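# Results of the structural survey
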Amino acid sequence: SQKIEQNSEALNIQEGKTATLTCNYTNYSPAYLQWYRQDPGRGPVFLLLIRENEKEKRKERLKVTFDTTLKQSLFHITASQPADSATYLCAPSGGSYIPTFGRGTSLIVHP
Amino acid sequence: GAVVSQHPSRVICKSGTSVKIECRSLDFQATTMFWYRQFPKQSLMLMATSNEGSKATYEQGVEKDKFLINHASLTLSTLTVTSAHPEDSSFYICSVKDSSTQETQYFGPGTRLLVL
């Protein structure tokens, strides 16, 4: 069955540093992969989508990579700020695959 | 991104009662909407896919008679939790897919249900 793995432990970093979150998936080949941000008690908010033929995508301080051989996506936030503290979800998707989300990684940026 | 609203944002009810949650797509017409449930510190679990004008498609293990879905218009889907029990207490979130690309999902703010 399809499986998505994200770091279960919270990632604590200092303000200004780069945060790197990992998403690994098994047993399927998604056409694209999405990253979302979720704050406590709120619905997820779309951040970035990267397709299988794209190695890297950037949006302001965010960067996402997608390695279909390793079945892995990395999500980077550069110059992190306390306001970036949230849970980040990955969702490999596309084709006939139903929308499926990882458990998410909690990021805590300390001032 | 698209704007999706949900109502109510939180609800407390007694065990055995029914609760209706509304999901509205404010920016575009959505033939398909998705209903998720999320328990604390867990991932979003897809419950069902709501299809306008036809029956919803339920995921394995989700009781269709307990979680009634009605997608009566292109902008409104409702989820009714019938005969709610404390174990139904959770965070319920709906989403719609971008109508042009059918890729990105836009989520509502969620509804917190507490069954006493």
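See above for the structure.
Attention in this report is confined to the structure presented alongside it. (Residues numbered from 1 in each chain as written. Chains lettered and ligands numbered in written order. Predicted model: local features only at pLDDT ≥ 70, side-chain atom pairs only at ≥ 80, totals over all residues. Heavy atoms only, no water.)

Glancing now at the overall build of chain A. Across its full length, chain A holds zero helices and ten strands. Shown N-terminal to C-terminal, the secondary structure of chain A runs as helices and strands in the order β-β-β-β-β-β-β-β-β-β. What you see for chain A is a C-alpha radius of gyration of 13 Å, in line with the 13 Å of a compact globule of 111 residues. Over its C-alpha atoms, taken along the principal directions, chain A stretches across nearly 40 × 30 × 20 Å. The buried share of chain A, taken over its 111 residues, is 43%. In chain A, once contacts between residues fewer than 6 apart in sequence are set aside, the share between residues at least 24 apart is 55%. When the accessible surface of chain A is summed, it comes to about 5600 Å², and 47% of that surface belongs to carbon and sulfur atoms. Mean positive and mean negative side-chain charge positions of chain A (13 and 10 charges, respectively) differ by 2 Å. (Helix = DSSP H or I, 4+ residues; strand = E, 2+ residues; numbered from the N terminus. Rg over C-alpha atoms; globule rule 2.2 N^0.38 Å. Buried < 20%, exposed > 50% of the residue type's maximum accessible area, 1.4 Å probe, protein only. Contact = heavy atoms within 4.5 Å. Areas by Shrake-Rupley, 256 points an atom, 1.4 Å probe, with all protein chains shown as cover. Lys, Arg positive; Asp, Glu negative; His and termini not counted. Charge placed at Lys NZ, Arg CZ, Asp CG, Glu CD.)

Once that is clear, we can look at the side chain of Lys66(B). Residue and element names in this part refer to chain B. With respect to the helices and strands, Lys66 occurs in the loop between strand S6 (57-58) and strand S7 (67-73). Taking the relative accessible area as the measure of exposure, Lys66 reaches 12% and is therefore buried. Among the polar contacts listed, one links the side chain of Lys66 to the side chain of Asp88, at a separation of 2.8 Å. Filtering out sequence-adjacent residues up to four positions away, Lys66 remains in contact with Thr80, Val81, Thr82, Ser83, Ala84, His85 and Asp88. (Polar contact = N/O pair within 3.5 Å; in protein donor to acceptor, adjacent residues only side chain to side chain.)

Now for the interface of chain A and chain B. You'll often see interface size given as the accessible area lost when the parts meet. Taken together, the contacts link 17 residues of chain A with 20 residues of chain B. Roughly 1500 Å² of surface becomes buried between chain A and chain B when both sides are summed, with 54% attributable to carbon and sulfur atoms. Its largest share of buried area at the contact with chain B, chain A owes to Pro99(A), Phe101(A) and Arg103(A), together 34% of the area lost on that side. For the pair chain A and chain B, the interface holds three residue pairs in polar contact (both at pLDDT 80 or more). Those elements giving two or more residues to the side of chain A that touches chain B turn out to be strand S4 (32-38) and strand S5 (45-51) of chain A. Counted by class, the side of chain A that touches chain B contains nine nonpolar, five polar and three charged residues. (Buried area = accessible area lost by both parts, 1.4 Å probe. Nonpolar A, V, L, I, M, F, W, Y, C, P; charged D, E, K, R; others polar.)

Our next topic: a nonpolar patch on the surface. There is a patch of nonpolar side chains on the surface, built from Ile12(B), Leu114(B) and Leu116(B) and spanning about 310 Å² of accessible area. In this structure, Ile12(B) sits in strand S2 (residues 10-13). (Patch = residues over 30% accessible without salt bridge, like charges linked within 9 Å, V, L, I, M, F, W, Y side chains within 5 Å. Salt bridge = Lys/Arg side-chain N within 4 Å of Asp/Glu carboxyl O.)

Turning our attention to the state of the cysteines. In total, this model carries two disulfides over all chains according to the counting rule given. Two residues, Cys23(A) and Cys90(A), share a disulfide whose sulfurs are 1.9 Å apart. Of note, the bridge from Cys23(A) to Cys90(A) carries an S-S torsion of about 60 degrees and is right-handed in sense. Note that Cys23(A) is positioned in strand S3 (residues 19-26) and Cys90(A) in strand S9 (residues 86-93), a separation of 67 residues in sequence. With a sulfur-sulfur separation of 2.0 Å, Cys23(B) is cross-linked through a disulfide to Cys94(B). Between Cys23(B) and Cys94(B) the sulfur-sulfur dihedral comes to about 80 degrees; the bridge is accordingly right-handed. Placement of the pair is Cys23(B) in strand S3 (residues 19-25) and Cys94(B) in strand S9 (residues 90-97), with a sequence separation of 71 residues. A residue is classified by how much of its surface remains accessible, and Cys23(B), at 0% relative accessible area, is buried. (Disulfide = S-S within 2.5 Å.)

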